[in-house]
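# What the coordinates show
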Amino acid sequence: MSSPGLDMKTSALQAVAAAVGRGDLPGAANEANAAIRKGLQHPVFFNARALLFQEQGRHPEALAEYEKALELSPNDVVLLNAIGLSYVRCERFTDGISALDRSLKIMPHAATYFR
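Below is a short write-up of the structure.

What counts and how
Residues numbered from 1 in each chain as written. Predicted model: local features only at pLDDT ≥ 70, side-chain atom pairs only at ≥ 80, totals over all residues. Heavy atoms only, no water. Salt bridge = Lys/Arg side-chain N within 4 Å of Asp/Glu carboxyl O. Helix = DSSP H or I, 4+ residues; strand = E, 2+ residues; numbered from the N terminus. Buried < 20%, exposed > 50% of the residue type's maximum accessible area, 1.4 Å probe, protein only. Axes fitted to C-alpha atoms, helices over the stretch in contact; angles between N-to-C directions. Parallel < 35°, antiparallel > 145°, perpendicular 65-115°, else oblique. Left-handed = near helix turned anticlockwise from the far one by under 90°. Contact = heavy atoms within 4.5 Å. Nonpolar A, V, L, I, M, F, W, Y, C, P; charged D, E, K, R; others polar.

### Quick word on the pattern of salt bridges
Inspection of the entire model under this criterion finds five salt bridges. The salt bridge involving Arg49 is made with Glu65; its shortest N-O contact spans 2.9 Å. A residue pair is termed long-range when its members are at least 10 positions apart, and Arg49 in helix H3 (residues 43–55) and Glu65 in helix H4 (residues 59–72) qualify at 16 residues. For the residue pair Arg49 and Glu65, the accessibility class agrees, reading buried in each case. Salt bridges linked by common partners bring Arg49, Glu65 and Lys68 together as one network.

Encoded structure:
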């Protein structure tokens, strides 16, 4: 039997994923914001917000959200790649290279996945 908190998190994750799947990044960010306000924590919630900021050209804000997601999932190669690209968009090239290098240390063949 699952706990109410787990059910809330699962429901919120499903709502965010459905919105992203529809290409509704504002809706995904709204769902993520609602989950975070309820005290729920998951990298997907911060990632959804980052995607919206990135789409809006708000790269420093996107970077901050990706970094919050990474705190919850420190070895997530996809997040590290997103962070690396966000650093580049913010013209922080050395930081971008560091993030991408870190992802390659975790998953040496990652570059072939992100071509």
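Additional details are given in the paragraphs that follow.
### Here we look at unusual backbone geometry
One non-glycine residue with positive phi stands out, namely Glu91, at about 60°. One can find Glu91 in the loop between helix H5 (77–89) and helix H6 (93–106).

### Notes on the packing of H3 against H4
Close contact between H3 and H4 brings their axes to 8 Å; oriented N to C, the two are set at 165°. The orientation of H3 with respect to H4, classified from their angle, is roughly antiparallel. Helix-helix and strand crossings are classified by hand; for H3 and H4 the assignment is left-handed. Across from Pro43, Phe46, Asn47, Arg49, Ala50, Leu51, Phe53 and Gln54 in H3, the residues of H4 making contact are His59, Glu61, Ala62, Glu65, Tyr66, Lys68, Ala69 and Leu72. A class-by-class count of the residues in the contact of H3 with H4 yields nine nonpolar, three polar and four charged.

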